[in-house]
Amino acid sequence: MVKTMNSIKRLMLSTLAVTTAIAGASNTQASVIPNQPQHQSKALQFDVALSNLSVLAGTQQKAYLNIDITGLPSQLKKQRPKTNIAFVLDKSGSMSGQKMIQAKQALEMAVSKLTPNDVASLVVYDDEARVIWPAATMQHPQQFLNTIRSIDANGSTALFAGVTQGSFEIRKYLDQNKVNRVILLSDGMANVGPSKPHELAELGRALSKQRISVSTIGLGLGYNEDLMTQLAGHSDGNHYFVENADKLADVFNSELGDIFSVVAQNIQININCRDGVKPIRILGRDEHFTGQNIKTNFNQIYGNQKRHLTLELLLPPGTNGAQMDVADVTIAYNDAALKQQLSFNDSVAVTYTNQDQQVEKDKNSMIYDNVTTFEANEVSKQVVRLRDEGDLEGAKKLQSQNISNLSQKLSGSAAPQRIQEQIEQEEQLLDSLDKADWNKARKQVRQKQYKIDNQQSEQDDDSDNK
Amino acid sequence: MNNKSNLLLLLLFGLTIGLVGWLGLKLASQQDRQIKASQIDRSEQALLLMQNNINEYIIQQQEHFNQLLNKDLNALQARLNSDPMIHDILLLNLVDQIVFPSQVNPLQQQNSYQWLNNIAIHDESNTNNQPKSGWFIWYQQQTEKYIFWTMNDSQKLFIELNNAMFMGDFIHWLSQQPNIAKPGYLVINDNQGRTFYQWGKELTAKADINIQKHLSSPFTGWSLRYYSNTQSLSTLSKGLFQLIIIGLLILVSIITYILFSIKRREHQEAQQRLSFVNQVSHELKTPLTNIRLHGDLLARTLNSTEIPAKSMQSLNIIQQESERLTRLINNVLNFNSVDNSTLSIHCSPIPFSQLLEESIEPFKPKFEQLDIAVIVNNAINSDVNIDHDIFKQIMANLLSNIEKYAAESRQITLSTKQNADLITVVVQDQGEGIQRKFHEKIFRPFYRIKSDLTHASGSGLGLGLARELARLHGGDLQLIPCETGACFELTLMEDS
């Protein structure tokens with residue numbers, strides 16, 4: 001059911017995308033037209049649009065520049081991208097018993113899905129990190145499996161060192177045509193080496209710079225979800241919360257499914273704002289920029305994944321009837337199937353008008369939905385923060401307000417169902433705020449917040465709902 | 001006597017064990033100290049080595065960055081884009097104008113290079129030493145920024161490192177260092193005291209060895225700590241030590257056993273001899289009783305007038321001697337019995353000179369035959385109240401010994417004196433004498449200095465019995481030092 005809904009949504013989006021793109025083209029110079037064929041590139045479909053085609057003349061206006069990127073399922077279905085995966089396994093004392101048994105089984109399952117073209121390595125960490133299977137092409141899967149079986153759990157948790165060692169293994173075979181990924185499985189708090197969320201975020205950022213993503217799997221209720229989401233988020237990996245170890249196999253499946261379905265990598269987005277336009281921030285990302293030029297990137301897009309990047313900006317005051325170029329967007333990416341770099345250009349413009357009706361009519365409610373979702377998500381993060389600080393009443397009050405705000409947005413929404421889903425999600429958060437199992441709820445909330453921020457593939461929700 | 005020597009043996013054994021144990025302990029503790037000292041020494045060296053290696057690592061990084069000096073701006077940009085370790089690069093000319101990045105607006109300068117103000121001061125304060133490069137650590141929002149600066153005649157280059165990559169690279173480098181911590185625990189603590197990297201099993205308890213070294217810039221405030229518990233002895237030398245102790249114990253045990261069994265055999269032989277003498281004595285008693293009985297009968301039935309006086313005298317001698325023999329045998333039997341108190345003393349007054357004469361009388365013919373002169377210096381002219389038989393028996397033993405063992409003597413001297421109740425008789429011969437080491441042994445039962453068969457026969461009981469008798473009589477029998485031959489001193493307490 002969920003799958004069908006998603007495809008319907010995607011269909012609606014792509015129709016919209018075409019219309020806005022045409023609208024955009026009609027408003028801008030002909031220079032866009034030579035780029036047109038790249039819209040039909042095999043891997044990705046782009047949609048660059050401004051939240052408002054027309055704004056009121058005479059005042060400074062806030063608007064959003066939105067870039068939708070949709071990964072199209074690879075047409076070369078038989079040929080999935082080669083992978084370079086470092087499995088990083090927490091084998092500290094807390095992992096002993098059933099957790100370890102399940103983790104090893106899940107790992108074995110994952111490894112058995114790799115082919116001799118793939119590179120894999122295995123790092124385990126407790127007090128220190130050790131590479132127990134150095135990066136190599138999968139020529140000897142049986143020996144790899146034996147290595148997995150020999151792991152015993154004990155010691156403390158040197159998470160930073162584990163991820164670092166994993167990334168060093170990846171780097172041995174670093175190749176932009178491979179999907180380079182560290183898969184971290186941990187059930188505990190890092191207690192050896194750098195262990196603050198912002199430190200792991202920085203590690204994630206640094207690895208992302210080398211096109212290495214870290215997917216983090218938090219097992220049980222003992223891990224630090226902030227740390228795990230920060231690490232995954234800043235390296236553009238996935239994050240999973242697995243309460244019971246018997247779901248690990250599903251999660252590994254899902255993760256490998258994502259990795260195998262990568263259609264494009266190293267998507268570099270360059271937005272150049274025209275003079276007078278003031279870029280403010282990218283929603284949900286912490287890129288710092290000071291000039292007119294904004295650079296950011298996604299590490300990869302999976303097939304059937306839809307990601308968007310929304311830039312908040314201020315438009316200068318204009319006179320009635322005037323047209324203004326707002327920004328030029330250049331996107332370069334590696335097509336996983338074609339194994340070559342492709343690029344895409346587009347521009348957006350705005351018209352100034354005195355008519356309120358026209359402004360209202362030209363609003364792109366799809367983009368406003370994105371903003372709504374993002375803002376509600378930010379509020380829910382604030383709610384968690386208040387709850388962490390012990391201000392339960394404040395948290396409840398803020399979350400109630402958050403929900404009522406969302407409800408008000410329902411009527412103007414392009415996809416009310418999406419808003420409705422988020423309302424339900426926020427209500428769950430409100431309910432769980434004063435529940436005894438807040439620890440568990442917090443991990444679930446963090447995962448959902450993460451998925452909104454990073455547009456993690458929908459398919460992962462299935463395992464979550466089980 | 002036997003108990004005493006056994007005790008001695010046991011004492012010896014105990015002492016040996018104690019000595020060996022004590023020596024062993026002393027040796028062990030000394031070795032422990034040595035081992036600990038050498039362990040501390042080794043740990044110090046290992047720690048120093050690690051410290052040096054870390055310094056080398058930093059220098060290596062610095063040299064890496066130093067190469068960026070005098071590079072053109074495109075090369076700098078390329079390096080900035082490609083090197084994940086470098087977060088930012090700032091290049092100033094000598095008048096502190098920003099050369100790279102080429103386009104910096106004032107806001108960006110304020111945001112990104114806040115530390116520049118501080119580093120300028122830092123730089124100036126160091127102009128005396130003219131450093132060419134250094135590290136600067138800038139704290140911003142609880143995060144450290146590691147900034148390496150290097151300069152030459154025309155440029156100042158600032159490289160802000162990516163913290164995570166720098167730390168990651170450092171950890172990776174550390175992981176490739178050999179584990180020098182064995183058997184202890186080596187840990188690197190960062191400037192907040194958190195464990196950054198560790199080797200070996202964590203030691204939380206107070207370790208015997210606890211050494212600390214500080215790391216230098218840029219790891220200011222970081223420390224390298226080594227913990228270890230000294231092993232009392234290395235396994236090998238511990239085993240060796242135990243082996244030696246056990247070996248010694250076995251050796252001492254064997255020696256003790258051998259000595260003990262020799263002793264026991266001697267004791268058994270003595271017992272056998274004693275029981276033999278006992279049996280013989282018992283056997284002798286019956287015919288002796290008959291002799292005495294029939295002697296008495298003969299004396300009663302015979303009329304003294306009918307037989308010559310000479311025969312009568314012989315009969316009397318037979319009777320007296322058989323009575324004496326009975327007493328002697330009784331004494332031998334009693335000597336062997338557990339309780340000496342069954343020996344009884346029968347004192348009766350007698351002129352001492354007469355008693356002395358009677359004692360010597362039986363030996364005179366033999367001495368004459370051997371051409372030995374007997375010189376008596378008797379200073380006791382009064383009667384003495386002592387047991388005649390005991391006195392005679394002791395004297396007989398001493399004189400028969402001379403006859404047996406000192407036959408080469410030309411004369412023997414008997415000197416007597418009385419001091420209050422104590423009567424002293426010294427018998428001196430001119431034989432070869434008795435070595436000092438045998439002075440006490442000759443009194444032991446069955447002890448014979450020369451036990452070869454060719455030598456004069458004797459039971460080995462005599463002197464022991466004589467001494468027992470003398471002691472029973474409140475005196476003693478001792479071998480006293482003298483110029484020639486052997487000199488026995490007999491003392492007896494007169495019964496008052």
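The preceding data block contains the structure.
The following refers to the structure shown. (Residues numbered from 1 in each chain as written. Chains lettered and ligands numbered in written order. Predicted model: local features only at pLDDT ≥ 70, side-chain atom pairs only at ≥ 80, totals over all residues. Heavy atoms only, no water.)

**Some points on the overall build of chain A**
In step 1: Helices and strands together make up the secondary structure of chain A, namely 13 helices and 15 strands.
In step 2: Counting only residues that meet the buried cut, chain A has 56% of its 466 residues in that class.
In step 3: Taking contacts inside chain A between residues at least 6 apart in sequence as the whole, the part at least 24 apart equals 77%.
In step 4: Only carbon and sulfur atoms are counted for the fraction: they give 50% of the accessible area of chain A, which is about 18700 Å². (Helix = DSSP H or I, 4+ residues; strand = E, 2+ residues; numbered from the N terminus. Buried < 20%, exposed > 50% of the residue type's maximum accessible area, 1.4 Å probe, protein only. Contact = heavy atoms within 4.5 Å. Areas by Shrake-Rupley, 256 points an atom, 1.4 Å probe, with all protein chains shown as cover.)

**So, the environment of E468 of chain B**
In step 1: Looking at the element boundaries, E468 of chain B is found in helix α11 (residues 462–472).
In step 2: Along the sequence, E468 of chain B and F443 of chain B sit 25 residues apart, while their C-alpha atoms lie 9.3 Å from each other.

**Some points on the sheet that holds strand β6 (residues 129–137) of chain A**
Residues and elements named next belong to chain A.
In step 1: Pairing is mixed across the open sheet formed by six strands, whose spatial order is β6-β5-β4-β7-β8-β9. Of all the strands in the sheet, just β6 and β9 (239–242) have a single pairing partner and so form its edges. Direction aside, the axes of adjacent strands within the sheet are offset by 15° on average.
In step 2: Strands β4 (82–90), β5 (119–125), β6, β7 (178–186) and β8 (213–219) of the sheet are contacted by helix α4 (residues 159–172), whose axis makes an angle of about 20° with β6. (Pairing = 2+ DSSP bridges. Axes fitted to C-alpha atoms, helices over the stretch in contact; angles between N-to-C directions.)

**Structural notes on the interface of chain A and chain B**
In step 1: Listed as interface residues are 26 residues of chain A and, on the opposing side, 29 residues of chain B.
In step 2: Considering only the side of chain A, the residues that lose the most area to chain B are E202, K209 and T290 of chain A, jointly responsible for 24% of the buried surface there.
In step 3: Put simply, chain A and chain B have one salt bridge between them.
In step 4: Here E199 of chain A makes a salt bridge to R194 of chain B, at a shortest N to O gap of 2.9 Å.
In step 5: Scanning the region where chain A abuts chain B turns up eight residue pairs in polar contact (both at pLDDT 80 or more).
In step 6: Looking at the side of chain A that touches chain B, the elements with two or more residues in it are α4 and α5 (197–209) of chain A.
In step 7: Sorting elements by how many residues they give to the side of chain A that touches chain B places α5 of chain A first, with seven residues.
In step 8: Classifying every residue of the side of chain A that touches chain B by side-chain character gives nine nonpolar, ten polar and seven charged. (Buried area = accessible area lost by both parts, 1.4 Å probe. Salt bridge = Lys/Arg side-chain N within 4 Å of Asp/Glu carboxyl O. Polar contact = N/O pair within 3.5 Å; in protein donor to acceptor, adjacent residues only side chain to side chain. Nonpolar A, V, L, I, M, F, W, Y, C, P; charged D, E, K, R; others polar.)

**A closer look at helix α8 (residues 352–360) of chain B**
Two residues of an α-helix separated by three or four positions point the same way, owing to the 3.6 residues in each turn.
In step 1: When we look at burial in α8 of chain B, the residues that qualify are F352, L355, L356, S359 and I360 of chain B. Seen from one end, α8 of chain B has its buried residues packed into an arc of 130°, which puts them on one side. (Arc of directions from axis to C-beta.)

**Some remarks on unusual backbone geometry**
In step 1: Along the chain, F100 of chain B connects to P101 of chain B via a cis peptide bond; the corresponding omega equals 0°.
In step 2: Structurally, P101 of chain B can be placed in the loop between β2 (98–100) and α3 (106–112).
In step 3: For the bond from S217 of chain B to P218 of chain B, the omega torsion is 10°, close enough to zero to count as cis.
In step 4: In this structure, P218 of chain B sits in the loop between β8 (209–214) and β9 (223–228).
In step 5: Its identity is not glycine, yet D236 of chain A carries a phi of approximately 65°, on the positive side.

**As for the packing of helix α9 (residues 365–388) of chain A against helix α11 (residues 416–432) of chain A**
Residues and elements named next belong to chain A.
In step 1: Packing of α9 against α11 leaves a shortest axis separation of 11 Å and a crossing angle of 5°. Looking at the two axes, α9 sits roughly parallel to α11. Side by side, α9 and α11 meet where M366, D369, N370, T372, T373, A376, N377, S380, V383 and V384 of the first sit next to R418, I419, Q422, E426 and L429 of the second. (Parallel < 35°, antiparallel > 145°, perpendicular 65-115°, else oblique.)

**Comments concerning the pattern of salt bridges**
Residues and elements named next belong to chain A.
In step 1: Per the stated rule, a full pass over the model turns up 32 salt bridges over all chains.
In step 2: Across the pair D126 and R130 runs a salt bridge whose closest N-O atoms are separated by 3.5 Å.
In step 3: A relative accessible area of 5% means that D126 is categorised as buried.
In step 4: A salt bridge links R281 to E312, with the shortest nitrogen-to-oxygen separation between them at 2.8 Å. Of this pair, R281 sits in strand β11 (residues 278–282) while E312 sits in strand β13 (residues 306–315); the two residues are 31 residues apart in sequence, bridging distant segments of the chain.
In step 5: Look at R281 and you get partly exposed, because its relative accessible area is 34%.
In step 6: Here E312 falls in the buried class, since its relative accessible area comes to 5%.

**Focus on the packing of aromatic side chains**
In step 1: Scanning the entire structure with this criterion turns up 26 aromatic pairs over all chains.
In step 2: Each ring, one from Y64 of chain A and one from Y368 of chain A, has its centre 5.9 Å from the other, and the planes form 90°; the classification is edge-to-face. Residue Y64 of chain A is found in strand β3 (residues 61–71), and its partner Y368 of chain A is found in helix α9; the two are separated by 304 residues along the sequence.
In step 3: Seen in terms of ring centroids, F166 of chain B and F219 of chain B are 5.7 Å apart; in terms of plane orientation they differ by 15°. Their pairing is stacked. Taken together, the residues span a long stretch of sequence, with F166 of chain B in helix α5 (residues 163–175) and F219 of chain B in the loop between β8 and β9 at a distance of 53 residues. The same class applies to F166 of chain B and to F219 of chain B, which are both buried. (Phe/Tyr/Trp six-rings, centres within 6.5 Å; stacked < 30°, edge-to-face > 60°.)

**Let's talk about helix α2 (residues 73–82) of chain B**
All names here are of chain B.
In step 1: Taken as a whole, α2 has its buried residues at L76, R79 and L80. Angular distribution of buried residues about the axis of α2 spans 100°; they occupy a single face of the element. Away from the buried face of α2 by more than 90 degrees, exposed residues N74, N81 and S82 are located.
In step 2: Between the side-chain oxygen of the N-cap and the backbone nitrogen of N74 there are 3.0 Å, and the N-cap of α2 in question is D72.

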